[in-house]
Amino acid sequence: MIKKILIVLGALLAVLIIGGGIFYTNIYHSTEARIQKKYVVVPQELTLTSDSAELAYGDRLLTAKGCRDCHGMDLGGQVFIDDPALAFLVGRNLTKGKGGLPQDYAVSDWVLALKHGIRRDGKPLLFMPSHEYALLSAQDMSAIISYASSLPPVDRTFPEQKVGPMGRVLTAFDKLPLLPAEMIDHTRSLVKEVKAEVSVAFGQYLSSACQGCHRANMKGGDPVAPGFPNVADISATGNVGRWTEEQFINTLRTGKTPEGKILKPNEMPWNMTAAYTDTELKALFVYLNSI
Ligand code: HEC
Ligand code: HEC
C-alpha cells in the first residue's frame, strides 16, 4: 500500500516538475520575444530651448515627473529594483559621463525614449514609464530634454539589467508594466501645450503621472509589484473625496494623510508631488473630485 502511494506521489511530482518546466520555458520565450522586439518608429521633431526660465522649469519637472526617483538626484543613475526573482533594474545614467548616454545621443533619441519607450536600437525600454511621459505636452517634454541634456557628466557604471523568473511570469500575465512601449499609441502627436490653471483639464493632464499606479480611472487596485501595498482609490469615492483642498495639498507635500497614515516615498512617490505648485495640486484635487 505505502509503496503504491509513493509511486503515485512520485508520478505526480514528476508531472508537476515537467509541467512547470514546460510552462516556464514557454513564458521565458514569449517574454524574451517581447523584450527583443524591434519597433520602427519615426520620432516627432522637437525644438529645444536655451531660455533660462524654461530650463529651470525643466529642472523642476525632472523632480515633479518622478525622473529623479529612478535615475537619482543627480540623474547619474541608480539601481531601483534589485530582487533576483523579480528583476535587476537600473534607472540608467542620463548624463554623458562614464556609463551614461552616448556622446551623440540626439534629441530624437530622447523623444524615442520618452514618447515611445524605445531605445535607439528599436528595442523597448524596460520599466521606464514612457506610457505616462507619452502624454506630456511638447512644451513640457522640450523643457525636460533641454535641461536633462545640459547636465554635467557623472561617471557611474552598473551591471547589466536582468529580468528574473517571477518578473517574467508577472509580465506574461500583464501584472508588471515591464514593457511600456506595448501600451503606447505610437502614431499620436504631442499636444503643444496645456494651460497651467486650476481646471479639470489641467488636473487630468497632470494625472498621467498617477495613472501607472492608480490606474486610468484613479480607483487604484492591486499592488504595482509584489511587496508593495494596494494602490489607494484617489477618486471622489476614496479618502480624497472627504478631504479639504488643504488636507489634500498637505498630504502630497508631507506624505502624511489626515487619517494619520505615513506614506512611504518609495511606494507612493510624494517626493515628486511635493515639487508641484499650488496651482498643480489644486487642479489635481478638482480633477480627482470630478471622478
Ligand atoms: C520607474 C522608474 C523610472 C522613472 C520614473 C523614469 N525612468 Fe527613465 N528609465 C528607467 C529605466 C529602468 C531605464 C532603462 C531601461 C532599459 O535600459 O531597458 C530608463 C531609461 C531612460 C532613458 C533611455 C536611455 C537609453 O538607453 O536610450 C531615458 C532618456 C530616460 N530613462 C529618461 C527619463 C526621464 C527624462 C524621466 C522623467 C520624465 C524618466 N526617465 C523617468 C526608469 C525610470
Ligand atoms: C509608483 C506608484 C504611485 C504613483 C506614481 C502615485 N501613487 Fe499615490 N499611492 C500609491 C500607493 C501604493 C498608495 C497607497 C499607499 C499606502 O497605502 O501606504 C498611494 C496613496 C496615495 C494617496 C493617499 C490615499 C489615501 O487614501 O490615503 C494619495 C492622495 C495619492 N496616492 C495621490 C497620488 C497622486 C495625485 C499621484 C500623481 C500625481 C500619485 N498618487 C502617484 C502609489 C502611487
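Residues numbered from 1 in each chain as written. Chains lettered and ligands numbered in written order. Predicted model: local features only at pLDDT ≥ 70, side-chain atom pairs only at ≥ 80, totals over all residues. Heavy atoms only, no water.

Chemist: It is not clear to me how the site of ligand 1 should be interpreted in this structure. Could you clarify?
Modeler: Taken together, 24 residues lie near ligand 1, and Cys 67, Cys 70, His 71, Arg 119 and Met 128 sit nearest. One nitrogen or oxygen atom from the side chain of Tyr 105 is found 2.7 Å from an oxygen atom belonging to ligand 1. A distance of 2.8 Å separates an oxygen atom of ligand 1 from a polar backbone atom of Leu 126. Broken down by secondary-structure element, the contributors of at least two residues to the shell around ligand 1 are α3 (67–71), β2 (87–91) and α4 (107–116). Here the residues of the shell around ligand 1 are counted per class, giving 18 nonpolar, four polar and two charged. (Near = heavy atom within 4 Å. Polar contact = N/O pair within 3.5 Å; in protein donor to acceptor, adjacent residues only side chain to side chain. Helix = DSSP H or I, 4+ residues; strand = E, 2+ residues; numbered from the N terminus. Nonpolar A, V, L, I, M, F, W, Y, C, P; charged D, E, K, R; others polar.)

Chemist: Help me understand the sheet that holds strand β3 (residues 162–163), please; the structure alone is not making it clear to me.
Modeler: Sheet strands pair via backbone hydrogen bonds, and the direction of the pair is either parallel or antiparallel. In space, the three strands of this open sheet follow the order β1-β2-β3, with antiparallel pairing throughout. The open sheet is flanked by β1 (78–83) and β3, the only strands paired with a single partner. With two bridges joining them, β2 and β3 adopt antiparallel strand pairing. Looking at β3, one finds that Phe 88 is bridged to Lys 162. (Pairing = 2+ DSSP bridges.)

Chemist: I'm lost on helix α7 (residues 165–172) in this one. Help?
Modeler: Looking at α7, one finds that the buried residues are Gly 167, Arg 168, Leu 170 and Thr 171. All buried residues of α7 fall inside an arc of 165° around its axis, so they share one side. Packed against the buried residues of α7 are α1 (2–36) and β3. Asp 174 occupies a position one or two residues after α7 and carries a positive phi of about 55°. (Buried < 20%, exposed > 50% of the residue type's maximum accessible area, 1.4 Å probe, protein only. Arc of directions from axis to C-beta. Contact = heavy atoms within 4.5 Å.)

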